[in-house]
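Structure assessment
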Amino acid sequence: MNQLIKAERTGSPDEFSQRLGISRRQLYTYIENIRDMGADICYSKNRRTFYFCNGHEVEISYSFKIISKELSKTINGGFFQNFLQCAFFLHRTKLIW
């Protein structure tokens, strides 16, 4: 998602959501969550693309850690306070960051 927005190659909202394998409504939810983080995303009807209109970009990092079976039982189902992260796991969205 980030790469397509950064390259300004998203297509229309319908095309973008189809490329990501999500609904149009989910797309706008994700975009709103990214906006809440401070990145201003705009849409150009003439160019038919979303783009970062304030020069900011999104950087997401993650790490993996092997944990014991006992510790895994204490984790609350993998839910996070941040809805955006939760949504990626729950919907199994294939996003390119």
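Refer to the preceding data block for the structure.
A short tour of the structure in this document, coming up. (Residues numbered from 1 in each chain as written. Predicted model: local features only at pLDDT ≥ 70, side-chain atom pairs only at ≥ 80, totals over all residues. Heavy atoms only, no water.)

**Here's the deal with the overall build of the protein chain**
Put simply, the rule reads: Put simply, DSSP marks the helices as runs of H or I at least four residues long and the strands as runs of E at least two long, and each gets a number from the N terminus on. Three exposure classes are used, based on accessible area relative to the maximum for each residue type with a 1.4 Å probe and protein chains only: buried under 20%, partly exposed in between, and exposed over 50%. Note on definitions: a residue-residue contact is assigned when non-hydrogen atoms from the two residues lie within 4.5 Å. Surface accessibility in these figures is a Shrake-Rupley result with a 1.4 Å probe; residues are shielded only by whichever protein chains are displayed.
When you go through the protein chain residue by residue, the secondary structure sums to five helices and two strands. Reading the secondary structure of the protein chain in the N-to-C direction produces α-α-α-β-β-α-α. A total of 97 residues make up the protein chain; the buried ones form 32% of that total. Sequence separation of at least 24 residues holds for 50% of the intrachain contacts in the protein chain that already meet a minimum separation of 6. Accessible surface, the protein chain as shown: approximately 7,300 Å² in total, 50% of it carbon and sulfur.

**Focus on the pairing of strand β2 (residues 49–52)**
Stated formally: One bridge is not enough; two strands pair if DSSP finds at least two bridges between them.
Relative to β2, strand β1 (residues 41–44) runs antiparallel, the two being bridged by four bridges. Its bridge partner lying in β2, Ser44 is registered against Thr49.

**Focus on the environment of Phe52**
Along the chain, Phe52 falls in strand β2. Excluding residues within four positions of it along the chain, Phe52 makes contact with Asn2, Ile5, Lys6, Ala39, Asp40, Ile41, Glu57 and Val58.

**Topic: the pattern of salt bridges**
Heads up, the rule is: By salt bridge we mean one thing: a side-chain nitrogen of Lys or Arg within 4 Å of a carboxyl oxygen of Asp or Glu.
Under the counting rule described, the total for this entry stands at four salt bridges. Among the salt bridges present, the one from Glu32 reaches Arg35, with a minimum N-O distance of 3.8 Å. Placement of the pair is Glu32 and Arg35 together in helix α3 (residues 24–36), with a separation of three residues, close to one helical turn.

**What to know about helix α2 (residues 13–20)**
Note the cut-off: This arc corresponds to the set of directions leading from the helix axis out to the C-beta atoms.
When we look at burial in α2, the residues that qualify are Pro13, Phe16, Ser17 and Leu20. Projected onto a plane normal to the axis of α2, the buried residues spread over an arc of 95° and lie on a single side. In this structure, the buried side of α2 is in contact with α1 (2–6), α3, β1 and β2. Positive backbone phi, at 75°, marks Gly21, one or two positions downstream of α2.

**Here's the deal with the environment of Asn2**
Summarising the element assignment, Asn2 is placed in helix α1. For Asn2 and Val58, which are 56 residues apart along the polypeptide, the C-alpha to C-alpha distance reads 6.6 Å.

**Comments concerning the packing of aromatic side chains**
The geometry of an aromatic ring pair is captured by the separation of the ring centres together with the interplanar angle, meaning the angle of the planes. Under the convention used in this document: The pairing test for Phe, Tyr and Trp rings, Trp by its six-membered ring, is centres within 6.5 Å, and the orientation test on the planes gives stacked under 30 degrees, edge-to-face over 60, and tilted for anything in between.
Scanning the entire structure with this criterion turns up three aromatic pairs. On the numbers, 6.2 Å between centres and 70° between planes, the contact of Tyr28 with Phe50 is edge-to-face. Taken together, the positions of Tyr28 in helix α3 and Phe50 in strand β2 put the pair 22 residues apart, joining distant regions of the chain. Taking the relative accessible area as the measure of exposure, Tyr28 reaches 34% and is therefore partly exposed.

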